[in-house]
Amino acid sequence: MIQQLIPKLKQHHALAIYLIFFGLAALTVLPFWTTMHLYSGPDLQFHLSRIQEMFDNLKNGAPISHIATRTFNQIGDAAVACYPWIWLYIFAGLKFILSPISAIYFTYVLIIFVTLVVSYHSMKLISKSTKISFYFAILYGLTTYLVMEMITTQFGEFLAYPFIPLAFAGLYEIMFNNYKRWYLLTIGVTGIMYSHAPTTLIIVVALLIFYLVFFAKQPEKERARRLMYIAISAGYSLILSLIVWGPLAVLSLSQKLMRPNPQTLYADPQSLFTWFNQSIANKGMGMILLFMFIFGFLFLKQVPRVGRYAYFGSLVTFFILSNLFPWNVIHHIPLLKGIEAIQSGHRIIPVALMFIAAFGAYLLGVKFSNKMIGSSALLIVFSLYLINSFDYSAMYSMNITTDQNPFDNQYNRTSQPELTYKATPTRQIPRSNMNLQNYKVNNQDYNNQFPTDNGSGRTDYLPVAAGKHIDDLANKVAILNGQQFNISSSSLHPGTNSLRYNLVVPMKEGTTLDLPFVQYAGMNYTVKFNGKTVKTPQTSSRGTFKLTIPKTVKSAKISIQSHGTKFNGLFIGLSILGWLGLLVLAIVKKYR
């Protein structure tokens, strides 16, 4: 049986590799999936709220979410439109056929699978070697850092991770190989732009540095033409990403918005001891890549030039991140201040890991040049052993917390309480001793997380005035002619990008009603009072809708619906046309 299977697998080489990758992805996620619980990290509720809003709108026929009316405190928060959302369709779509917990974990499997596949093909563009590409996919795609991103619910970095090697391989292709394959760089960068803003900034800067460092290595007579194709790729990426970043640009230019808290790199440099300590404990970069990083210099002469460049790239990246780099001396330079938008230095680590994995792949390719099957199997088993041990360490205490590793307590899932009650502004989700949300949910209590949001990011991209009053808005405090009252949850009726208030409150003609619903400048709304359109709703000092009562009533049904930002249709149309153009280009190339 096995003797007959091996020749067939050799005939279908690509299929065999994909099956291996899918199996590895499933095994990586399995230890968590079998618990049928989701365990909170800093951002679990935030991202699950985005997915839930998208799912509910899809269920009601609305493919795009402009505002949140079922989650994020039901105040019309546009965080669902301001954060990259394209890849969340996978999570939301799977919820139609799977339970909430299984939908999340199966998406994790798919993301790790895509990471392995994209990593494999990205390295193949550079090395032209199946063996080296396979090694790279395993080293990069199964690193414990990726599992850490999943555990700590850093969805943005997790979703961007698969496209980082493709972005670098795409630039390499333009600079040194076939520049007419510029679309590879476009797809890689666009995939990141669809995932996470800080990672986009990091990769764009890293690609620029890569280009400048290796500029002179290009054929001198072709430099201008290759630069032109890089510019074409960059412009095309902007067009493809308009569907995501266009609305945010409109809202940002129309008013001042609350932003995620920045973090200065010089104020919190990473200690090399911390990285070493984490990796020894099979966290951070993991033990395999740690070994490559520490002892790689001993094997530099044995690997090709590309492998040596990759190793030096990892050294430089970690040096920039470490407390050895003089951030305190150069942080005042205006050009560097924009880097604070990445929020945390650890988000640069995937670039370093990619370089180390590339060096390791070339090294293994040299050391096991005639023993691919045996060495590959050994590498897979070793990687899986380490990753699965990390999976379990994330759920059960390892008792290795140190002063350099204060966040380790967040990886002890045994202490996380079940969220058995509906979270409200007065009875919020539990927090740990580090003031981070600390809970777990299963399929039965999954919806207890919504609609109240008291986690990280709850004021992100709110108008500044609204952000200052977030507690009153979350508690549904309305103001009728100067008098405050609370709107009960039973009076709220969410719809697709809309919310209806059924208020049994006497209101006199000419008085004003300030509703706890955020009004964004630059966004189109329809407001109705007892079925009649309110033509000119005002904006209150809280940044919310303020209506003048058109006639005296004992009760009222007031609805507010968002139609998206100005130019929203244009952004969507241009992005779709851009993808259709790439599809046509692919068809022409295939049949030419």
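Residues numbered from 1 in each chain as written. Predicted model: local features only at pLDDT ≥ 70, side-chain atom pairs only at ≥ 80, totals over all residues. Heavy atoms only, no water.

Q: Run through a positive patch on the surface, naming residues and quoting values.
A: There is a patch of like positive charges on the surface, built from Lys180, Arg225, Lys589 and Arg592. Mapped onto the secondary structure, Lys180 falls in the loop between helix H10 (164–176) and helix H11 (183–193). Assessed through its relative accessible area of 47%, Lys180 is described here as partly exposed. (Patch = residues over 30% accessible without salt bridge, like charges linked within 9 Å, V, L, I, M, F, W, Y side chains within 5 Å. Areas by Shrake-Rupley, 256 points an atom, 1.4 Å probe, with all protein chains shown as cover. Salt bridge = Lys/Arg side-chain N within 4 Å of Asp/Glu carboxyl O. Lys, Arg positive; Asp, Glu negative; His and termini not counted. Charge placed at Lys NZ, Arg CZ, Asp CG, Glu CD. Helix = DSSP H or I, 4+ residues; strand = E, 2+ residues; numbered from the N terminus. Buried < 20%, exposed > 50% of the residue type's maximum accessible area, 1.4 Å probe, protein only.)

Q: Please provide a residue-by-residue account of the packing of helix H17 (residues 305–321) against helix H20 (residues 349–367), values included.
A: Interaxial distance between H17 and H20 falls to 8 Å at its minimum, and their mutual angle equals 155°. With respect to H20, the element H17 is oriented roughly antiparallel. Where H17 crosses over H20, the handedness of that crossing is left-handed. Contacts from Val306, Gly307, Ala310, Tyr311, Gly313, Ser314, Thr317, Phe318 and Leu321 in H17 reach Ile349, Val351, Ala352, Leu353, Phe355, Ile356, Ala358, Phe359 and Tyr362 in H20. Grouping the constituent residues of the contact of H17 with H20 by class yields 14 nonpolar, 4 polar and no charged. (Axes fitted to C-alpha atoms, helices over the stretch in contact; angles between N-to-C directions. Parallel < 35°, antiparallel > 145°, perpendicular 65-115°, else oblique. Left-handed = near helix turned anticlockwise from the far one by under 90°. Contact = heavy atoms within 4.5 Å. Nonpolar A, V, L, I, M, F, W, Y, C, P; charged D, E, K, R; others polar.)

Q: Would you mind going over the nonpolar core in detail, with residue names and values included?
A: With 167 residues, the main nonpolar core has Phe21 and Phe168 as its most contacted residues. If you tally residues by element for this core, the top one is H20, at 14 residues. If near-sequence neighbours (up to four positions away) are discounted, Phe21 is found in contact with Phe113, Leu116, Val117, Tyr120, Phe134, Ala137 and Ile138. (Core = buried A, V, L, I, M, F, W, Y, C linked by side-chain atoms within 4.5 Å.)

Q: Just give me the short version of the side chain of Gln218, but keep the residues and values in it.
A: Its place among the elements puts Gln218 in the loop between helix H12 (197–213) and helix H13 (223–240). For Gln218, a relative accessible area of 3% puts it in the buried group. Filtering out sequence-adjacent residues up to four positions away, Gln218 remains in contact with Met175, Phe176, Tyr211, Arg223 and Arg226.

Q: Tell me about the environment of Pro350, and please be specific about residues and values.
A: Relative to the helices and strands, Pro350 is located in helix H20. The exposure class assigned to Pro350 is buried, which follows from its relative accessible area of 5%. Residues Pro350 and Thr199, spaced 151 residues apart in sequence, show a C-alpha to C-alpha distance of 9.4 Å. Sequence-distant contacts of Pro350, that is, excluding residues within four places in its chain, are made with Tyr140, Tyr145, Tyr161 and Ile164.

Q: Quick rundown of the sheet that holds strand E6 (residues 498–503)? Include the residues and the values.
A: Reading across the sheet, the 5 strands line up as E5-E6-E12-E8-E9 and stay open at both edges, with antiparallel pairing between neighbours. Both edges of this open sheet fall to strand E5 (492–495) and strand E9 (532–533), since each of them pairs with a single strand only. Bridging between strand E8 (residues 523–529) and strand E12 (residues 556–565) involves 6 bridges; their strand directions are antiparallel. Paired with Thr526 across the bridge in E12 is Gln561. (Pairing = 2+ DSSP bridges.)

Q: Any details on the packing of H11 against H13? Residues and values, ideally.
A: As a packed pair, H11 and H13 sit with axes 9 Å apart at the nearest point and diverge in direction by 40°. Relative to H13, the crossing made by H11 is right-handed. Two secondary-structure elements touch here, H11 through Leu185, Thr186, Val189, Thr190 and Met193 and H13 through Ser233, Tyr236, Ser237, Leu238 and Leu240. Classifying every residue of the contact of H11 with H13 gives 6 nonpolar, 4 polar and no charged.

Q: With reference to specific residues and values, describe H13.
A: A rise of 1.5 Å per residue sets the reference length of H13, with its 18 residues, at 26 Å; its end C-alpha atoms lie 26 Å apart and thus fit the reference within 8%. Restricting attention to buried positions, one finds in H13 the residues Arg226, Tyr229, Ile230, Ser233, Tyr236, Ser237 and Leu240. Taken down its axis, H13 places every buried residue within 125° of arc, on the same side. Exposed side chains of H13 directed beyond 90 degrees from the buried face belong to Ala224 and Leu238. Next to the buried residues of H13 lie H10, H11, H12, helix H14 (242–254) and helix H24 (568–591). (Expected span 1.5 Å × (residues − 1). Arc of directions from axis to C-beta.)

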